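# A closer look at the structure
Below are the chains, spelled out letter by letter.
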Amino acid sequence: MANIKALQTGHVGLNVTDLDRSVAFYKAVFEFEVVAEGKEDDRRFAFLGRDGKLLVTLWQQSEGDFAAGRPGLHHLSFQVETIDEVKAAEQVLRGLDARFNYDGVVPHGENGTSGGIFFADPDGIRLEIYAPSGADPADAPTAGAPTCGFF
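Now for a look at the structure at hand.

Conventions we followed
Residues numbered from 1 in each chain as written. Predicted model: local features only at pLDDT ≥ 70, side-chain atom pairs only at ≥ 80, totals over all residues. Heavy atoms only, no water. Pairing = 2+ DSSP bridges. Helix = DSSP H or I, 4+ residues; strand = E, 2+ residues; numbered from the N terminus. Axes fitted to C-alpha atoms, helices over the stretch in contact; angles between N-to-C directions. Contact = heavy atoms within 4.5 Å. Salt bridge = Lys/Arg side-chain N within 4 Å of Asp/Glu carboxyl O. Core = buried A, V, L, I, M, F, W, Y, C linked by side-chain atoms within 4.5 Å. Buried < 20%, exposed > 50% of the residue type's maximum accessible area, 1.4 Å probe, protein only.

This next bit is on the sheet that holds strand β2 (residues 33-40). If you walk across this open sheet you meet the four strands as β1-β4-β3-β2, and the pairing is mixed. The strands lining the two open edges of the sheet, one partner per strand, are β1 (12-16) and β2. Across the sheet, the axes of successive neighbouring strands diverge by a mean angle of 15°, strand direction being ignored. Across the sheet, helix α1 (residues 19-30) is in contact with β1, β2, β3 (43-50) and β4 (53-60); its angle to β3 comes to roughly 5°.

Right, here's the structure in full:
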């Protein structure tokens, strides 16, 4: 076994079909800034972050739409501090005509208070924004499933 003392997720790299469209989406929703970018026709990419920390890299090197039924990324989740922040992001997403899996904030578990919104980026990549508390207790979107709104 490796002798790893501390471990955390670094950044997540996503393939996109239209870099300009995706950069605009991620900047609007997550208030990311472009940390670095490649503009050569055959090597277009953008490194996105906040507060000096790289969080997401976008690579224009794919075609079609995200395939949830294939091995790979299930979804990418971002935690915020409050449900009000989740709801504010939801309003931005509605203005961008984003595709939602459910209407409004849904709890992570039956009558749970953590919850969020489940939506897709312009390429259909499944995303979540959630808060650890503050969701109105309600039925989970998928009874008996793990705490995720993408089942």
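This part covers the pattern of salt bridges. Going through the model one piece at a time under the given rule, you end up with six salt bridges. For Asp123, the salt bridge identified is with Arg21, shortest N-O distance 2.9 Å. One end of the pair, Asp123, is in the loop between β8 (115-120) and β9 (126-131); the other, Arg21, is in helix α1, with 102 residues separating them in the sequence. Between Asp65 and Arg99 there is a salt bridge, with its nearest N and O atoms 3.7 Å apart. Here Arg99 lies in strand β6 (residues 99-100) and Asp65 lies in the loop between β4 and β5 (76-79), a separation of 34 residues in the sequence. One connected set of salt bridges, linked through shared partners, spans Glu90, Arg94 and Asp103.

What follows deals with the nonpolar core. Ranked by size, the top nonpolar core spans 28 residues in total, and within it Tyr26, Phe30, Leu58 and Leu127 carry the most contacts. Counting residues per element, the ones that place at least two in this core are β1, α1, β3, β4, β5, α2 (83-95), β8 and β9. Top element by residues in this core is α1. It accounts for six residues.

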